[in-house]
Protein chains: 2
Amino acid sequence: MVARRLPRALVAACVPLATRERILFEAAHLFAAQGFHATTTRQIAEAVGIRQPSLFHHFATKDAIVEALFDWDLGLALPRTRAVAALPEPAAVRLYRYLHDDLRHLEEAPYNLSGLYADEVIGRPEFAPWAERRDLLHRVVAGIVREGTAAGEFIEVDATLVSQAIAGILVRALTLHSGGRAPGRGLADEVARLVVRGLLADPAALEEVQGRAALLRLPGE
Amino acid sequence: MVARRLPRALVAACVPLATRERILFEAAHLFAAQGFHATTTRQIAEAVGIRQPSLFHHFATKDAIVEALFDWDLGLALPRTRAVAALPEPAAVRLYRYLHDDLRHLEEAPYNLSGLYADEVIGRPEFAPWAERRDLLHRVVAGIVREGTAAGEFIEVDATLVSQAIAGILVRALTLHSGGRAPGRGLADEVARLVVRGLLADPAALEEVQGRAALLRLPGE
DNA sequence: GTCTATACAGCGATAGAC
DNA sequence: GTCTATCGCTGTATAGAC
């Protein structure tokens, strides 16, 4: 799947994707820019280059488009995060690796996913299963932070607050990235360094943490 | 204005506010929970206890409600932040004070403002003046960070990335708070400590920074 | 698989009585 | 200042031809 490593604009311009994929691509971008409710099915259809009713041949409802995007994102991120969290490594290393991988995943995504995690979307009762999975992911992250504090690696902090702050940073960093920042310039490492350094009882340990995180082998890789 | 220091639920239940204020209060909460576009004028009216057309006696349009909320928030935060940024103090002290004051402002707000800063609202062309003011505030914050790095107080970081990360944390911390966390439990200081510690070249200086920030006297106080 | 035509519900906003 | 009644528009989704 080399397409995921190319700049999004190139993908959109050159690669002849299936209509279903192009709907997901254009819908995600419009959701990110305008919000879900402000984006009409007519706008999505126009961006794809088809008529509005033709959308409904590929997705039964507008909500189904959102579900497909959630599935693509959380369906991958949640198992991977749990795998990282379960490794027999220091909490700082696991947290670093989680941050790095999540940011890379968002950076390399063919879709701009930053519009999905606003309360107006994921907070709707119809999407409650996805909200649960997101909360579960936050709890896994909070668990790593709590273990790090207990082990003396991290300072004393409210782990829930930290996991929420991380969620806020990730969404926001993504917005910045999709706003034109060159991908691959090290955003993933830059953010991971910033967050982990702020938590480490001994910030001088950051370099070793980053090095060990980079060497981690996840199950199935 | 002692009402601002009471829990919001109490305010809503006991204090007989003017209709205009109650519209702002209920609209802000609905915008935060559902998003702007998903919130209908009928829902706002129902929450206030009047009929839908009666809203338009107090606000000419639905957008005018949003404008009033932006004015209440940014109209106060922007001048205050600029005043803090201009003080002859170390960057760490100014950043700490900004974070603390902004969080207190959000905590004590009679309105839940977390719904306004989603792209679907502030990104709309009609609200471009408010987006400009928000961006200006971010640039002021980035300026403090940049000065801190230049002075050797802060580590080497991308100041724009940091200001975006801070924006993400603030919105998210607010969501957490409005979700039932007890106010006044030190959220403002907890978040400010976390962020400033992550930036300080010498994290041990945090205690002194916090102490000096608390003693800062702003012009006109 | 895409089209034209259209159903039909819900939206913001207005008119005018009280 | 609030009400009832209603307008005009836009939204999602469907029907059925090609």
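Here the structure is shown first, and the text comes after it.
Report on the accompanying structure. Predicted model only: the values in this text are computed from it and were never measured. (Residues numbered from 1 in each chain as written. Chains lettered and ligands numbered in written order. Predicted model: local features only at pLDDT ≥ 70, side-chain atom pairs only at ≥ 80, totals over all residues. Heavy atoms only, no water.)

So, the protein's contact with DNA strand D
Taken together, 16 residues form the shell around DNA strand D, and within it Thr41(A), Arg42(A), Arg51(B), Ser54(B) and His58(B) come nearest. A breakdown of the atoms of DNA strand D within 4 Å of the protein gives sugar and phosphate a share of 59%. In the model, a base nitrogen of DNA strand D is placed 3.4 Å from a nitrogen or oxygen of the Arg42(A) side chain. A distance of 3.2 Å separates a phosphate oxygen of DNA strand D from a polar side-chain atom of Thr19(B). Looking at the surface near DNA strand D, the elements that each hand over two or more residues are helix H3 (41–48) of chain A together with helix H4 (55–58) of chain B. Taken together, the residues of the surface near DNA strand D sort by class into 4 nonpolar, 9 polar and 3 charged. (Near = heavy atom within 4 Å. Polar contact = N/O pair within 3.5 Å; in protein donor to acceptor, adjacent residues only side chain to side chain. Helix = DSSP H or I, 4+ residues; strand = E, 2+ residues; numbered from the N terminus. Nonpolar A, V, L, I, M, F, W, Y, C, P; charged D, E, K, R; others polar.)

Comments concerning the relation of the copies chain A and chain B
The relation between the two chain copies is a rotation about an axis coupled with a shift along that axis. It takes a turn of 180° to lay chain A on chain B, together with a shift of 0.1 Å along the axis; the resulting RMSD is 0.1 Å. Viewed as a symmetry operation, the transformation between the two copies matches a two-fold axis. If distances are taken from each C-alpha of chain A to the rotation axis, the shortest is found for Gly198(A), at 1.7 Å. Interface overlap between copies: 100% of the residues of chain A at the interface are likewise at the interface in chain B, consistent with a symmetric, same-surface contact. (Least-squares fit on C-alpha atoms with pLDDT ≥ 70 in both. Contact = heavy atoms within 4.5 Å.)

Re the packing of helix H2 (residues 19–34) of chain B against helix H3 (residues 41–48) of chain B
All names here are of chain B. Put simply, H2 and H3 touch, their axes get as near as 9 Å, and they point 125° apart. One element, H2, and the other, H3, form an angle in the oblique class. Our pair here, H2 against H3, has a crossing hand that is right-handed. Every residue of H3 that contacts H2 at Thr19, Arg22, Ile23, Glu26, Ala27, Leu30, Phe31 and Gln34 is listed here: Gln43, Ile44, Ala47 and Val48. Of the residues that constitute the contact of H2 with H3, the class distribution is 7 nonpolar, 3 polar and 2 charged. (Axes fitted to C-alpha atoms, helices over the stretch in contact; angles between N-to-C directions. Parallel < 35°, antiparallel > 145°, perpendicular 65-115°, else oblique. Left-handed = near helix turned anticlockwise from the far one by under 90°.)

Thoughts on the packing of helix H6 (residues 91–108) of chain A against helix H8 (residues 128–150) of chain A
Residue and element names in this part refer to chain A. Where H6 meets H8, the closest approach of the two axes is 8 Å, and the angle between their N-to-C directions is 150°. Our classification of the angle between H6 and H8 gives roughly antiparallel. Handedness of the crossing formed by H6 with H8: left-handed. Across from Ala91, Arg94, Leu95 and Tyr98 in H6, the residues of H8 making contact are Leu137, Val141, Ile144, Val145, Glu147 and Gly148. When the residues that make up the contact of H6 with H8 are grouped by side-chain class, the tally is 7 nonpolar, 1 polar and 2 charged.

Some points on the layout of surface pockets
Approximately 710 Å³ is the volume found for the largest pocket. Around the largest pocket sit 33 residues that line it, and Ala118(A), Val171(A), Tyr117(B), Ala118(B) and Asp119(B) are the ones nearest its centre. Of all the elements in the fold, those that place two or more residues in the lining of the largest pocket are helix H2 (19–34), helix H7 (119–122) and helix H9 (159–178) of chain A together with H2, helix H7 (119–122), helix H8 (128–150) and helix H9 (159–178) of chain B. Element by element, the count of residues in the lining of the largest pocket is highest for H9(B), at 6 residues. Within the lining of the largest pocket, the residues separate by chemical class into 13 nonpolar, 12 polar and 8 charged. (1 Å grid on protein atoms, 1.4 Å probe; cavity = no way out; pocket = protein on both sides within 12 Å on 5 of 7 lines; lining within 4 Å. Points joined across faces, edges and corners; volume = space filled by probe spheres on them.)

Structural notes on the interface of chain A and chain B
When the parts of a complex come together, some accessible area is lost, and that lost area is often taken as the interface size. Listed per partner, the contact involves 35 residues of chain A and 35 residues of chain B. Summed over both sides, the interface of chain A with chain B buries roughly 2,800 Å², with 62% coming from carbon and sulfur. Of all residues in chain A, Leu161(A), Arg172(A) and Arg197(A) bury the most surface against chain B, accounting for 25% of the area lost on that side. Between the two partners, chain A and chain B, sit 6 residue pairs in polar contact (both at pLDDT 80 or more). The set of elements that each furnish at least two residues to the side of chain A that touches chain B consists of H2, H7, H8, H9 and helix H10 (187–199) of chain A. The class makeup of the residues in the side of chain A that touches chain B is 18 nonpolar, 9 polar and 8 charged. (Buried area = accessible area lost by both parts, 1.4 Å probe.)

Don't take any of this as a statement about function, it's just geometry.
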